[in-house]
Amino acid sequence: MANAISHSRMANAIRALAMDAVEKAKSGHPGLPMGAADVATVLFTKFLKFDASAPHWPDRDRFVLSAGHGSMLLYALLYLTGYEAMTIDEIKRFRQLGSLTPGHPENFETPGVETTTGPLGQGLATAVGMALAERHLAAEFGGLVDHHTYVLASDGDLMEGISQEAIALAGHLKLNRLIVLFDDNGISIDGPLRLADSVDQVARFKAAGWASEPIDGHDPDAIAAAIARAQASDRPTMIACKTTIAFGAPTKAGTAKAHGSPLGADEIAGARKALGWDAPPFEVPADILAAWRAAGSRGAAARTDWEARLAAADSASRDEFVRRTKGVLPRAALDKAVAQRKADLAASPKEIATRTASEQTLDVLVPAVPELVGGSADLTGSNNTRAKDMAVLDAASYGGRFIHYGIREHAMAAAMNGMALHGGIIPYSGTFLVFSDYMRPALRLAALMGLRAIHVLTHDSIGLGEDGPTHQPVEHLAALRAIPNLTVFRPCDTVETLECWELALRAEGRPSVLALTRQNLPQLRLGNDTANRSASGAYELLAADGKAQVSLFASGSEVAIAVEAHKLLAARGVKARVVSVPSLDLLLELDLPARAAIIGDAPVKVAVEAAVRQGWDAVIGADGAFVGMTGFGASAPYKDLYRHFGITAEAVAEAALAKLN
């Protein structure tokens, strides 16, 4: 059927739906869907391996609309190819509350959307992670994993700085299953692209180790030939598709006026005439819709063949593949590893930095959880994220489990999102906490999408010492805690570090941050406590000798300071308790009675953290005392810095006494 209908009529169905939906919503971006319709039509009807009846088939090709503002392109494709949830009524509800057609694609709302996009560059970098996951899993599971990742990217995607990090990483790793279709329409919101940019993108990608070529983005034969060449390439490919934004619009085509505003009734009427499209709004002629639906079911045979291969695989390999792609943890192995580690720590306490505690934890978790794939942004020896015997994942060996991301924190975080979205992998990586600023857009999207990605962020305070205030985070804990659905952990010792790692692994629907120290800390949790006390976010570490007059709250390295302050107060006859707060986020998520039971009813509440106060008033109240940072740090040995900034046991005790008096 698809062969009996002309390419132009099928592409025009996308254009018409995009015009109509944006016009009805009085909001949106019609230009990209109309301009890129030819590219999308060729890709979806001739190359993309998918089955609209099985949106979550593990070996499907992935399509990422990095230019998320052009979302009606994707929604039109989902409707036309027959994704059950994407009805014409959903198209009519474009950008309306509760619809499956939000302004930018959201993978948690709409079946068939592989990743949430909108912040430009994120989709491209996320796709690098998807392509990386495909290569890694193919190395382990062979023919069960054999697909491509396609990206439709805009000028804006390629101008964002993250794009350079992403394309350099993909080129270095020779991710030849990654194909980027660049919608080269030469228009941005402000006007012609030449106002702000004159980069030769084809040459840029070639310099990064990609195959790259320009084509006419409205010539279906040229598009098909270029994609075929890309599929046969030994490196990732970028195809610069020269297009006209709002193709077919009589006065707004090729102009910025079509980028982010409805075309208007007169312009739409003119476009319909120019395109030869006489169907009423939101109606697709039956023969064209049938051709598109045939394209949507074209991959059914490939899916059933894959299902047969899966069924024929040896049971151990099949079961392991299914377990990983479903995101189910190897619970028995994980429980055993955690229990053994706790027993070892009870028998032999460790006074070590929590970054070192994390490394030793990974030494037992990585063998137990084979889907863990780690990495670091050129700080492996500082972040301690490479476990013993962990092989490197590179272009020569995709089966390794440790990735050298280079100094590319932003792309690293986005690629981790892509790996998590792909399935079969739990990604983790490391850098310094202060550099979470570089990662924030990707962290925010991970939280929005509910992805299990784990970020080991070390050198978590002025405790890093001599590198000084450029590297000493003071506002970063508060900034990260402000992101909904992101769990920030700051463990106080090696036992809490283990517990926080366990919680991060079990948090299937949210990303995690482990903020870890450079400096050594005493092990405060002694004995073999099999319960995960960090799971409630906070717990009483030291009880008061009688009814508490003071509650001392602390996280991370400052818990040891609170313990010392407890001794000083006891010497003054003050009954105090110490509450360790490894995750302020988890504490504040408890229901009010559970939270109140942990916070307690002591009349004086003091919090101590080598960071800004923001967030702690939810625990200590506006009238509570806080010992921490009010400005930036300084360059000096860390013990000198703690004294200089008044973050000491004596200061904590004095703050409590001042409130008591």
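What counts as what
- Residues numbered from 1 in each chain as written.
- Predicted model: local features only at pLDDT ≥ 70, side-chain atom pairs only at ≥ 80, totals over all residues.
- Heavy atoms only, no water.
- Pairing = 2+ DSSP bridges.
- Helix = DSSP H or I, 4+ residues; strand = E, 2+ residues; numbered from the N terminus.
- Axes fitted to C-alpha atoms, helices over the stretch in contact; angles between N-to-C directions.
- Contact = heavy atoms within 4.5 Å.
- 1 Å grid on protein atoms, 1.4 Å probe; cavity = no way out; pocket = protein on both sides within 12 Å on 5 of 7 lines; lining within 4 Å.
- Points joined across faces, edges and corners; volume = space filled by probe spheres on them.
- Nonpolar A, V, L, I, M, F, W, Y, C, P; charged D, E, K, R; others polar.
- Expected span 1.5 Å × (residues − 1).
- Buried < 20%, exposed > 50% of the residue type's maximum accessible area, 1.4 Å probe, protein only.
- Salt bridge = Lys/Arg side-chain N within 4 Å of Asp/Glu carboxyl O.
- Disulfide = S-S within 2.5 Å.
- Right-handed = clockwise from strand over helix to strand, strands pointing away.
- Lys, Arg positive; Asp, Glu negative; His and termini not counted.
- Polar contact = N/O pair within 3.5 Å; in protein donor to acceptor, adjacent residues only side chain to side chain.
- Parallel < 35°, antiparallel > 145°, perpendicular 65-115°, else oblique.
- Left-handed = near helix turned anticlockwise from the far one by under 90°.
- Core = buried A, V, L, I, M, F, W, Y, C linked by side-chain atoms within 4.5 Å.
- Phe/Tyr/Trp six-rings, centres within 6.5 Å; stacked < 30°, edge-to-face > 60°.

**Structural notes on the sheet that holds strand S19 (residues 604-608)**
In any sheet, the strands associate via hydrogen bonds between backbone groups, in a parallel or an antiparallel arrangement.
In step 1: Judged by pairing direction, the sheet is mixed, and its five strands sit side by side in the order S16-S18-S17-S19-S20 without closing on themselves. On the outer flanks of this sheet lie strand S16 (539-542) and strand S20 (625-627), each paired with one strand and no other. Taken over all neighbouring pairs, the strand axes of this sheet differ in orientation by 30 degrees on average, direction set aside.
In step 2: Contacts from helix H24 (residues 592-599) reach S16, strand S17 (550-554), strand S18 (576-580) and S19, with the element oriented near 130 degrees to S18.

**Re the layout of surface pockets**
A water-sized probe rolled over the atoms picks out the places where empty space is left.
In step 1: Considering only enclosed or pocket space, the largest pocket measures out at about 800 Å³ in volume.
In step 2: Along the wall of the largest pocket there are 39 residues; nearest its centre are Thr325, Ala420, Leu421, His422 and Gly423.
In step 3: At the level of secondary structure, the elements contributing two or more residues to the lining of the largest pocket comprise helix H13 (300-312), helix H14 (315-325) and helix H18 (409-422).
In step 4: Top contributing element to the lining of the largest pocket by residue count: H14, with four residues.
In step 5: By residue class, the composition of the lining of the largest pocket is 19 nonpolar, eleven polar and nine charged.
In step 6: For the second largest pocket, the lining is made up of 19 residues, of which Ala560, Ile561, Tyr638, Lys639 and Tyr642 are closest to its centre.

**Some points on helix H22 (residues 558-571)**
Three or four residues apart is the spacing at which side chains of an α-helix point the same way, because the helix has 3.6 residues per turn.
In step 1: Over its 14 residues, H22 runs 20 Å from end to end, which matches the ideal 20 Å to within 8%, given 1.5 Å per residue.
In step 2: For H22, the complete set of buried residues consists of Glu558, Val559, Ala560, Ile561, Ala562, Val563, Ala565, His566 and Leu569.
In step 3: Packing partners of the buried residues in H22 comprise S16, S17, S18, S19, helix H26 (638-644) and helix H27 (649-660).
In step 4: Following H22 by one or two positions, glycine 573 has its phi on the positive side, about 80 degrees.

**Concerning the pattern of salt bridges**
In step 1: For the structure shown, the criterion picks out 36 salt bridges.
In step 2: The salt bridge partner of glutamate 564 is lysine 567, with a shortest N-O separation of 3.2 Å. Residue glutamate 564 and its partner lysine 567 are both found in helix H22; the two are separated by three residues, about one turn of the helix.
In step 3: Owing to a relative accessible area of 48%, lysine 567 belongs among the partly exposed residues under this scheme.

**Topic: the state of the cysteines**
Here a disulfide denotes one covalent bond, and it connects the sulfur atoms of two cysteines.
In step 1: This structure, assessed with the given rule, holds zero disulfides.
In step 2: Cysteine 492 supplies the cysteine sulfur nearest to cysteine 500, a cysteine that is in no disulfide, at a spacing of 8.7 Å.

**A short note on empty space enclosed by the protein**
In step 1: Under the counting rule described, the total for this entry stands at two cavities of 30 Å³ or more.
In step 2: The computed volume of the largest cavity comes to approximately 90 Å³.
In step 3: Residue lining of the largest cavity: Phe44, Leu48, Phe50, Arg60, Asp61, Phe63, Leu74, Leu78, Tyr83, Gly112 and Glu114, and that is the complete set.
In step 4: Class assignment of the residues belonging to the lining of the largest cavity gives a composition of seven nonpolar, one polar and three charged.
In step 5: Here the second largest cavity defines a volume of roughly 50 Å³.
In step 6: Every residue along the wall of the second largest cavity is listed here: Lys342, Leu345, Ala346, Val495, Gln523, Arg525, Leu526, Gly527, Asn528 and Asp529.

**Quick look at the pairing of strand S14 (residues 512-515)**
In step 1: Both faces of S14 are covered, namely the face carrying Ser512 and Leu514 and the face carrying Val513 and Ala515.
In step 2: Judged from the four bridges that link them, strand S12 (residues 454-458) and S14 form a sheet pairing that is parallel. Considered in S14, the bridge of histidine 455 is made with valine 513.
In step 3: As paired elements, strand S13 (residues 487-489) and S14 share three bridges and run parallel to each other. Among the inter-strand pairings, valine 488 is bridged to a residue of S14, identified as valine 513.
In step 4: Running through helix H21 (residues 494-506), the crossover from S13 to the neighbouring parallel element S14 is right-handed.

**Brief notes about the side chain of aspartate 61**
In step 1: Relative to the helices and strands, aspartate 61 resides in the loop between helix H3 (37-47) and strand S1 (62-65).
In step 2: Although aspartate 61 lies buried, it forms no salt bridge, and the closest oppositely charged side chain, lysine 49, sits 4.8 Å away as judged by the N-O distance.
In step 3: A polar contact of 2.8 Å, which involves the side chain of aspartate 61, links it to the backbone nitrogen of histidine 148.
In step 4: If we skip the residues at most four places from it in the chain, aspartate 61 touches Phe47, Leu48, Lys49, Glu114, His147, His148 and Tyr150.

**A word on the packing of H3 against helix H10 (residues 220-231)**
In step 1: Between H3 and H10, the shortest axis-to-axis distance is 9 Å and the interhelical angle comes to 55 degrees. What the angle tells us is that H3 and H10 run oblique. The element H3 and its partner H10 pack so that their crossing is right-handed. Here H3 contributes Asp38, Val39, Val42, Leu43, Lys46 and Phe47 to the contact with H10, which in turn contributes Pro220, Ile223, Ala224, Ile227, Ala228 and Gln231.
In step 2: Among the residues forming the contact of H3 with H10, the class breakdown is nine nonpolar, one polar and two charged.

**Thoughts on the sheet that holds strand S7 (residues 237-242)**
In step 1: Pairing within the open sheet is parallel, and its five strands lie in the order S1-S2-S3-S7-S6. Each edge of the open sheet is held by one strand with a lone partner, namely S1 and strand S6 (211-216). On average, adjacent strands in this sheet sit at an angle of 15 degrees to one another, irrespective of strand direction.
In step 2: Of the pairings in the sheet, the one linking S1 to strand S2 (residues 149-153) comprises four bridges and is parallel in character. Bridge pairing links valine 64 to valine 151 in S2.
In step 3: Of the strands in this sheet, S2, strand S3 (178-184), S6 and S7 touch H10, which is tilted by about 170 degrees from S6.

**Thoughts on the nonpolar core**
In step 1: By size, the foremost hydrophobic cluster in this structure holds 73 residues, and its most contacted members are Leu175, Leu178, Trp210 and Leu480.
In step 2: Not counting chain neighbours up to four residues away, the residues in contact with leucine 175 comprise Val128, Ala131, Leu132, Arg135, Ala170, Arg235, Pro236 and Tyr398.

**Thoughts on the packing of aromatic side chains**
In step 1: Per the counting criterion, the structure on display carries eleven aromatic pairs.
In step 2: Their ring planes at 0 degrees and their centres at 6.3 Å tell us that phenylalanine 50 and tyrosine 83 sit as a pair that is stacked. On the criterion of sequence distance, the pair formed by phenylalanine 50 in the loop between H3 and S1 and tyrosine 83 in the loop between helix H4 (71-81) and helix H5 (88-92) is long-range, its members being 33 residues apart.
In step 3: Look at tyrosine 83 and you get buried, because its relative accessible area is 10%.
In step 4: Relative to tryptophan 501, the ring of tyrosine 428 lies with its centre 5.5 Å away and its plane at 90 degrees, an arrangement referred to as edge-to-face. Within this pair, whereas tyrosine 428 is found in strand S11 (residues 426-432), its partner tryptophan 501 is found in helix H21, the two being separated by 73 residues in sequence. Comparing tyrosine 428 with tryptophan 501 shows no difference in burial state: the two are buried.

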